[in-house]
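The chain contents come next:
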Amino acid sequence: MLRLESITKAFDNTKVLNGVSLTVGAGEFITLLGSSGCGKTTTLRIIAGLEQPDSGRVFLDERDITDTEPNKRDVNTVFQNYALFPHMNVEANVGYSLRIRSVHKNEIKQRVTDALRLVRMDEYAKRMPAELSGGQRQRVAIARAVISRPKLLLLDEPLGALDLQLRRQMQLELKRLQRELGIAFIYITHDQEEALNMSDRIAVMRGGLLEQTGSASEIYDAPYTSYVARFVGSANILRGVPAVSPMTPNETIAVRSENIVLEPYSEHSRGLEGVVTDKRFAGGMLRISARLNLSGAEVVSSRHGIDSPLTPGQNVYVSWDAASEIIVKDNDAGEEL
Amino acid sequence: MKAIKRDKRAAIAAVLPMYIFTVAFIAGPLIYMLVMSFLVRDESWGITNELTLRNYLHILEPVYLETFKQSLRLAFITTLFTVLAGYPAGYFMAKLPPVWRGRCMMLLIIPFWTSSLMRMYGWIIVFRANGSLDSILMALGITDKPLKLLYTYPAVAVGMIYALLPFMIYSVYASAEKMDWELVEAARDLGASRFRAFLTVSLPLTMPGLYSGIVLTFIPSMGLYFIADILGGNKVVLVGNLIQEQLMRVHDWPFAAALSVILMILTTLFLFFYRKLSHSDKLEGLV
């Protein structure tokens, strides 16, 4: 339904997008996942028409909309800071796009009521945006964006400003909304957990390029690159370690922390020698870090219960099941996430 | 207890000078003027203690009503043109990159380094018969003889607009600069054309600036008598000129006082409507 063809964009000679191509199907929930500065917001703004690409084309339903004004695109945006009109009440905000299109008054009233009910804000129709909490503003912004039934809804880190509790709740609601409305969502976030929870498909962005696109399980279980492996589910990248699987020189292995086993030295334990460096609580589990004597690399294990006897400074064997090794392209040596 | 008492005394001592200042220099003269407007002028000089309403009845004479009418009309024209020229200027200035905003602000401020009186004399050179304006128009073949614009109503209007335009630009700018431009993007995203987005979002949100700009131009334009003096000669007489003339030449102080009271009532009414319309007690960019 939406197709981006090798979009590039630079601001003041700084390249932000280096050829982004992406296809979004009707009714699909796709997430652009990446750290700040990777170009995800710029991509969204180009789809909305708020920014012009330097090269590349944007197609919506096979129609080239690259040069179409934002108001003529059947695409709406939920802005990061909500961008509610401060001089209009909730009702007027939500009905804005219908008034612009000169829809009949009675119909506007009905559709505003429906849209507010959809986001459970029908009791707040007469409030001003300044009188609402962050989560409520968020709902109003969503109602305002979906009321005109666009083909595509763009959401720019819509839950970024909310606390964790509310964020979890809104994730579920957004997912429900998307299913009820049948509109395609392009969702931006830097939170991998959010991306894994909500998306049909995830596109991991880095340095103005899509590094990998696939379903949540594809991205998690079969990352192409060490960057994706680390960014999604923070896998251990084990460079210079003998692997079971065959590898080319610019490849390395990644092992999820839940597959890393740490054992105290004993006669029947095997693995690579290492020293425990850190032990932290993470919910019902412990996260234990160890440094490999072989390469000095840090590995994290999250499969130990809180009763684990391991203590920092202790010598351990580090091991993992050969089946849990993932061969990835090594492309992010030492880069901060 | 003692400490509280001392604090209280200190607080009174701190605000007392302000009260004295206000009473002595603002409330006092106002009351003096109000009282004087009901008194009778003495034959030769000063005032007598006799009470009368004659000064106010005097204002109802056609000559003076005409003066008020002319002043109000000029104030409206001045305000209208400062809005038309100043609103876009202030609005687009706020959209410039910060460096250019600073430069524009400098351009607005620089004229104030020279006395406004001097700058008004500058306009004489422009407007006088065969002055710069005439020379340019005739050289371009637009007119074939001097327009003789000096000492006309339009010349005074131009002078007023010129003198008050910076205030309008500044107050609109102050409003527009604070505005969140993402709101305009949101409006465009929701289907509004550039113009619709301006009408429904930018304009309402910069209204406070526009309102204070109007107050800042309308009220002074009723009183800037020296502009009418310099560019209007004796042909354009405004309330300000009338008051000055009654005070300095005719020495009819009570009548001048009555004229001032009416002028003040008019401005107060205007401010009242301003507050009604803008739902605000503040003057944007001033407070």
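Residues numbered from 1 in each chain as written. Chains lettered and ligands numbered in written order. Predicted model: local features only at pLDDT ≥ 70, side-chain atom pairs only at ≥ 80, totals over all residues. Heavy atoms only, no water.

A. Structural view of the nonpolar core. Counting 45 residues, the largest nonpolar core has Leu2, Phe85, Tyr96 and Ile186 of chain A as its most contacted members. Among the elements that make up this core, the one with the highest residue count is strand β2 (residues 14-24) of chain A (5 residues). Beyond its immediate stretch of four places on either side in the chain, Phe85 of chain A contacts Asn93, Tyr96, Pro129 and Arg144 of chain A together with Leu183, Ala186, Ala187, Leu190 and Val201 of chain B. In this structure, Phe29, Leu84, Val146 and Ile183 of chain A belong to the second largest nonpolar core, which totals 35 residues. (Core = buried A, V, L, I, M, F, W, Y, C linked by side-chain atoms within 4.5 Å. Buried < 20%, exposed > 50% of the residue type's maximum accessible area, 1.4 Å probe, protein only. Helix = DSSP H or I, 4+ residues; strand = E, 2+ residues; numbered from the N terminus. Contact = heavy atoms within 4.5 Å.)

B. Seen up close, the confidence of the model for chain A. When pLDDT is averaged along chain A, the result is 89, and 99% of the positions lie at 70 or above. No element of chain A has a lower mean pLDDT than strand β16 (residues 298-305) of chain A, at 84, and none a higher one than helix α2 (residues 90-100) of chain A, at 96. (pLDDT = per-residue confidence, 0-100.)

C. Focus on the interface of chain B and chain A. Taken together, the contacts link 18 residues of chain B with 24 residues of chain A. Note on chain B versus chain A: buried area summed over both sides is about 1800 Å², and carbon and sulfur give 57% of it. Here Glu69 of chain A and Arg194 of chain B are joined by a salt bridge, their closest N and O atoms 3.9 Å apart. On inspection of chain B and its partner chain A, the count reaches 7 residue pairs in polar contact (both at pLDDT 80 or more). Sorting the residues of the side of chain B that touches chain A by element identifies α8 (182-189) and α9 (194-223) of chain B as the ones contributing at least two each. A per-class count over the side of chain B that touches chain A returns 9 nonpolar, 3 polar and 6 charged. (Buried area = accessible area lost by both parts, 1.4 Å probe. Salt bridge = Lys/Arg side-chain N within 4 Å of Asp/Glu carboxyl O. Polar contact = N/O pair within 3.5 Å; in protein donor to acceptor, adjacent residues only side chain to side chain. Nonpolar A, V, L, I, M, F, W, Y, C, P; charged D, E, K, R; others polar.)

D. Seen up close, the side chain of Ser308 of chain A. Mapped onto the elements of the fold, Ser308 of chain A is located in the loop between β16 and β17 (315-320). A distance of 3.3 Å separates a polar side-chain atom of Ser308 of chain A from the backbone nitrogen of Leu310 of chain A.

E. Layout of the domain arrangement of chain A. Residues and elements named next belong to chain A. What the domain assignment reports for chain A is domain 1 (2-226) and domain 2 (239-329). One C-alpha centre belongs to domain 1, the other to domain 2, and the line joining them spans 39 Å. The interface of domain 1 with domain 2 comprises 7 residues on the first partner and 8 residues on the second. The largest contributions to the domain 1 side of the interface with domain 2 come from Tyr220, Pro223 and Ser226, which together make up 69% of the buried area. Across the contact surface, domain 1 and domain 2 share 0 salt bridges. Between domain 1 and domain 2 we count 4 residue pairs in polar contact (both at pLDDT 80 or more) in total. It is helix α7 (residues 216-221) that provides the largest number of residues to the side of domain 1 that touches domain 2, a total of 3 residues. (Domains from an automatic or database assignment.)

F. View of the sheet that holds β2 of chain A. Residue and element names in this part refer to chain A. Overall, antiparallel pairing links the 4 strands, which are arranged β2-β1-β4-β5 in an open sheet. Pairing within the sheet leaves two strands with one partner each, and these edge strands are β2 and β5 (63-64). Summarising the sheet, strand β1 (residues 2-11) and strand β4 (residues 55-60) pair through 5 bridges and their orientation is antiparallel. For Leu4, the partnering residue across the bridge sits in β4 and is Val58. Contacting β1, β2 and β4, helix α1 (residues 40-48) crosses the sheet at an angle of about 120 degrees to β1. (Pairing = 2+ DSSP bridges. Axes fitted to C-alpha atoms, helices over the stretch in contact; angles between N-to-C directions.)

G. The sheet that holds β17 of chain A, seen in detail. Residues and elements named next belong to chain A. Strand order in the open sheet formed by 5 strands is β13-β17-β14-β15-β16, with antiparallel pairing between adjacent strands. The open sheet has two edge strands with one neighbour each: β13 (260-264) and β16. Across the sheet, the axes of successive neighbouring strands diverge by a mean angle of 45 degrees, strand direction being ignored. Examined bridge by bridge, strand β15 (residues 285-292) and β16 share 6 bridges and lie antiparallel to one another. Looking at β16, one finds that Ala290 is bridged to Val299.

H. Expanded view of a nonpolar patch on the surface. Residue and element names in this part refer to chain B. On the surface, Met106, Leu107, Ile109, Ile110, Phe112, Trp113 and Phe167 cluster together into a nonpolar patch covering about 710 Å² of accessible area. The leading source of residues in the nonpolar patch is helix α4 (residues 98-109), at 3 residues. Along the chain, Ile110 turns up in the loop between α4 and α5 (116-127). (Patch = residues over 30% accessible without salt bridge, like charges linked within 9 Å, V, L, I, M, F, W, Y side chains within 5 Å. Areas by Shrake-Rupley, 256 points an atom, 1.4 Å probe, with all protein chains shown as cover.)

I. Highlighting the packing of aromatic side chains. Across all of its chains, the model carries 19 aromatic pairs over all chains by this definition. Taken together, a centroid distance of 5.0 Å and an interplanar angle of 50 degrees make the contact between Phe21 of chain B and Phe25 of chain B tilted. Of this pair, Phe21 of chain B and Phe25 of chain B both sit in helix α1 (residues 2-36), 4 residues apart, which is roughly one turn of that helix. Measuring from centroid to centroid gives 5.3 Å for Trp123 of chain B and Tyr162 of chain B, while their planes differ by 70 degrees, and the two rings are edge-to-face. You can see Trp123 of chain B sitting in helix α5 and its partner Tyr162 of chain B sitting in helix α7 (residues 153-178), a full 39 residues away along the chain. Given the relative accessible area of 27%, Tyr162 of chain B is considered partly exposed. Aromatic rings pair up to connect Tyr87, Tyr91, Phe92, Trp181 and Phe198 of chain B into one cluster. Looking at Arg3 of chain A, its charged tip hangs above the ring of Phe59 of chain A, at a distance of 4.4 Å from the centre. (Phe/Tyr/Trp six-rings, centres within 6.5 Å; stacked < 30°, edge-to-face > 60°. Lys NZ or Arg CZ within 6 Å of the ring centre and 35° of its normal.)

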